[in-house]
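Chains, contacts and geometry: an overview
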Amino acid sequence: MKLINFVLFQLGWFVSVWGAAHQKLPLSMTVVALILLVHIMQASHKKEATILLFIIMLLGSIFDQLLLITNLVTYESQFIDYLLPIWIVAMWGLFATTLNLSLSWLKSNMVLAILFGFIGGPMAYFAAEQLNAVQLTNHFSIYALALGWAFLTPICLYIAQKWNGFRT
C-alpha cells in the first residue's frame, strides 16, 4: 500500500506540474482527482481520510498564498494573478495522501520530519521551476520554502495522526 501511495503521489505531482506548465489543467486535474478518489476509497475510515485532505489542502494553500502575495513564488496557469492556482491546492491534497502511508515513518522522529521538510519542500519547487511550472523570484524564495516546509511538515504529520483514515 505504501509503495502504491508513493507511486501515485509521484505520478500526481508530475502530472500537476506538467499540466500547469503546458496549459493542460483539465486533464491534469482529472488525473489528480482520480488519485485522490482512489486514496479515499482505499481508506478504512473514509471520513477521516477526506477531512485530512481538506485540512492539509487549506493549510498548504495558506502557505503558498503567502508565498504568492509576498512575491517569493509565481505560478503558471494562474487564472487570477493574486490567487493561488488550483493545481497547487490539488498538490497539497496529494501531499496529504502520503502522510499516513508512504511518509508515516516520519511521525516517530519529528527532527527527521523537520529536516525532510527543510530539504524536500524546496527541492519540489526547484524541480517544478525546472519544468516551467513555478518561478522562484529571488534568492529569499528558497529560504522561505525551506523554513516554511520545515515548520509545516511536522504539523501536517501531527494532524495526520488525528485524522488517520488508514488506522486499523
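Details of the structure are given in the entry above.
First, a word on scope: everything that follows refers to the structure included in this document.

**A short note on the overall build of the chain**
- Each helix and strand in the chain was counted, giving 6 helices and 2 strands.
- The helix and strand sequence of the chain, counted from the amino end, reads α-α-α-β-α-α-β-α.
- Relative to the compact-globule value of 15 Å for 168 residues, the chain shows a C-alpha radius of gyration of 15 Å, a close match.
- In terms of overall dimensions, the chain has C-alpha extents of about 45 × 35 × 25 Å along its principal axes.
- Expressed as a percentage of its 168 residues, the buried residues of the chain come to 49%.

**Considering helix α1 (residues 2-21)**
- The end-to-end C-alpha distance of α1 is 29 Å, a good match for the 28 Å that 20 residues give at a rise of 1.5 Å each.
- Listed in full, the buried residues belonging to α1 are N5, F9, G12, W13, V15, S16, V17, G19 and A20.
- On the buried face of α1, the contacting elements are α2 (25-42), α4 (86-98) and α5 (110-130).
- Phi for Q23, located one or two positions after α1, is positive at around 55°.

**Quick look at the environment of I55**
- Mapped onto the elements of the fold, I55 is located in helix α3 (residues 46-69).
- For I55, a relative accessible area of 28% corresponds to the partly exposed category.
- When the C-alpha positions of I55 and A21 are compared, they lie 26 Å apart, and in sequence the two are 34 residues distant.
- Once residues within four sequence positions are removed from consideration, I55 is found in contact with I159 and W163.

**Focus on the packing of aromatic side chains**
- Applying the stated criterion across every chain, the model contains 6 aromatic pairs.
- Ring centres of W92 and F95 lie 5.8 Å apart, and the angle between their planes is 90°; on these two criteria the pair is classed as edge-to-face. Here F95 and W92 lie together in helix α4, a separation of 3 residues that amounts to about one turn. Here W92 and F95 have matching classes, each one buried.
- Summarising the aromatic geometry, the rings of W92 and W149 are spaced 4.7 Å apart at their centres and angled 10° between planes, so their arrangement reads as stacked. Taken as a pair, W92 in helix α4 and W149 in helix α6 (residues 140-162) lie far apart in primary sequence, 57 residues in all. Across the pair, W149 and W92 agree in class, each one buried.
- Here the aromatic cluster, defined as three or more aromatic residues joined through ring pairs, consists of W92, F95, Y125 and W149.

**Here's the deal with the nonpolar core**
- By size, the foremost hydrophobic cluster in this structure holds 46 residues, and its most contacted members are I56, Y75, W87, W92, F95 and Y125.
- Elements that contribute at least two residues to this core include exactly α1, α2, α3, β1 (73-75), α4, α5, β2 (134-136) and α6.
- Among the elements that make up this core, the one with the highest residue count is α4 (9 residues).

**Brief notes about the packing of α1 against α4**
- Put simply, α1 and α4 touch, their axes get as near as 9 Å, and they point 170° apart. Considering the angle they form, α1 stands roughly antiparallel to α4. Residues N5, F9, G12, W13, S16, V17 and A20 of α1 touch α4, and the partners they reach there are W87, M91, L94, F95, T97 and T98.
- Of the residues contributing to the contact of α1 with α4, the split by class is 8 nonpolar, 5 polar and no charged.

What counts, and at which threshold
- Residues numbered from 1 in each chain as written.
- Predicted model: local features only at pLDDT ≥ 70, side-chain atom pairs only at ≥ 80, totals over all residues.
- Heavy atoms only, no water.
- Helix = DSSP H or I, 4+ residues; strand = E, 2+ residues; numbered from the N terminus.
- Rg over C-alpha atoms; globule rule 2.2 N^0.38 Å.
- Buried < 20%, exposed > 50% of the residue type's maximum accessible area, 1.4 Å probe, protein only.
- Expected span 1.5 Å × (residues − 1).
- Contact = heavy atoms within 4.5 Å.
- Phe/Tyr/Trp six-rings, centres within 6.5 Å; stacked < 30°, edge-to-face > 60°.
- Core = buried A, V, L, I, M, F, W, Y, C linked by side-chain atoms within 4.5 Å.
- Axes fitted to C-alpha atoms, helices over the stretch in contact; angles between N-to-C directions.
- Parallel < 35°, antiparallel > 145°, perpendicular 65-115°, else oblique.
- Nonpolar A, V, L, I, M, F, W, Y, C, P; charged D, E, K, R; others polar.

Geometry only, nothing functional implied.
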